Amino acid sequence: MSNQNSTPSAERRMTLFGRNTAIEILSDPNIAIYRMHLAHSNRPGPAINEILSLCKQRSIPIKRHDKQALSRISKNGRQDQGIALDVATPHHQQLDAFLADTEHNLAATDCELLLLDGITNPQNLGMIIRSLAASTMQGLVLPQKGCARLDPLVYKASAGSVSKARILSCTTIEGAIESLKKTQFKLLGLTGRGHATLSCTDAFRHKVFLLGNESEGLSDQTLEACDQHVKIPMQNGVESLNVAVTAGIIAFRTRG
């Protein structure tokens, strides 16, 4: 997929950074790249030369910046290595826009979403995104406040699935919960204190599974907002699972 002439709205693109990340993405013709950002301080070398060559092959515009401006673009001046690139994420959008687009179809179709509450580990977020992208679930609701941001660590952990997954952005989990309740979604909180199991949720056609922080789980406020508390039965004294593993179980569970 070649780059496009016009840069899409913010939710339809993400900015990644770093030389190895740039080479990996530039080498994949299926990923659309809108612009490459380079700091003037970059000196010629194997990595920079390869990046310039790949940009030329794919006709990707290059914009030069001073180091401070590049840091503002990458939002990580310590690790960007003087390189940032705007990557297409055609399936990303705001949660409220998604709900407005799909609300009139909900009566005729099932809809399952994941909503994250305080997932701060980039590895976990990336693996959750990968499971979501490979499943039949309709989207991952990702609050900007309290969760890891989409960066090269998340991209790598997702094995490149970030650009393929439907990620629905919102400012806070409280706002997401309010919007989902208004559109008649059932909120199902995953917790070891739950009484229902995953099979019990099959009765709900429009539902969102809520997954909590790696160490503390769902916040008390989020649990209170849930319509039902759900657990995955454990054996041999095991009390909990990694949140990314839990997301995989939900995404690929047997239905019906």
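Residues numbered from 1 in each chain as written. Predicted model: local features only at pLDDT ≥ 70, side-chain atom pairs only at ≥ 80, totals over all residues. Heavy atoms only, no water.

(A) Local environment of the pairing of strand β11 (residues 206-212). Among the seven residues that make up β11, seven are buried, leaving the element largely enclosed by the rest of the structure. Of the two faces of β11, the one holding His206, Val208, Leu210 and Gly212 and the one holding Lys207, Phe209 and Leu211 are both buried throughout. Judged from the seven bridges that link them, strand β6 (residues 111-117) and β11 form a sheet pairing that is parallel. Opposite Leu115, over in β11, you have Leu210 as the bridge partner. Strand direction decides the pairing type here: strand β9 (residues 186-190) and β11, joined by four bridges, are parallel. Counterpart to Leu188 in the pairing with β11 is Phe209. (Buried < 20%, exposed > 50% of the residue type's maximum accessible area, 1.4 Å probe, protein only. Helix = DSSP H or I, 4+ residues; strand = E, 2+ residues; numbered from the N terminus. Pairing = 2+ DSSP bridges.)

(B) Inspection of the side chain of His206 at higher detail. Locating His206 in the fold gives a position in strand β11. Residue His206 is classed as buried on the basis of its relative accessible area, which comes to 16%. At 2.8 Å, the side chain of His206 and the backbone oxygen of Thr109 are in polar contact. (Polar contact = N/O pair within 3.5 Å; in protein donor to acceptor, adjacent residues only side chain to side chain.)

(C) Region of interest: helix α2 (residues 46-58). In this model, α2 (13 residues) spans 18 Å end to end at C-alpha, consistent with the 18 Å of a helix rising 1.5 Å per residue. Every buried residue of α2 is accounted for by Ile48, Ile51, Leu54, Cys55 and Arg58. Take α2 and look down its axis: the buried residues cluster within an arc of 130°, on one side only. Turned more than 90 degrees from where α2 packs its buried face, Pro46, Lys56 and Gln57 sit exposed. Where α2 is buried, its residues touch α1 (19-26), β2 (33-39), β3 (62-65) and β4 (83-88). Just past α2, the residue Ser59 takes up positive phi, approximately 55°. (Expected span 1.5 Å × (residues − 1). Arc of directions from axis to C-beta. Contact = heavy atoms within 4.5 Å.)

(D) Spotlight on a nonpolar patch on the surface. Nonpolar side chains collect at one region of the surface, where Val238, Leu241, Val245 and Ile249 lie side by side and expose about 280 Å² of accessible area between them. Here Leu241 is to be found in the loop between β12 (228-231) and α9 (243-251). By relative accessible area, Leu241 is classed as partly exposed at 34%. (Patch = residues over 30% accessible without salt bridge, like charges linked within 9 Å, V, L, I, M, F, W, Y side chains within 5 Å. Areas by Shrake-Rupley, 256 points an atom, 1.4 Å probe, with all protein chains shown as cover. Salt bridge = Lys/Arg side-chain N within 4 Å of Asp/Glu carboxyl O.)

(E) Summary view of the pattern of salt bridges. If you walk through the whole model with that rule in mind, you get six salt bridges. Taking the shortest distance from any N to any O, the salt bridge between Lys207 and Glu112 comes out at 3.2 Å. Placement of the pair is Lys207 in strand β11 and Glu112 in strand β6, with a sequence separation of 95 residues. Like Glu112, Lys207 is buried. Between Arg253 and Asp202 there is a salt bridge whose closest N-O contact spans 3.9 Å. Note that Arg253 is positioned in the segment after α9 and Asp202 in the loop between β10 (196-197) and β11, a separation of 51 residues in sequence. Salt bridges sharing partners connect three or more residues here, namely Glu112, Asp202, Lys207 and Arg253.

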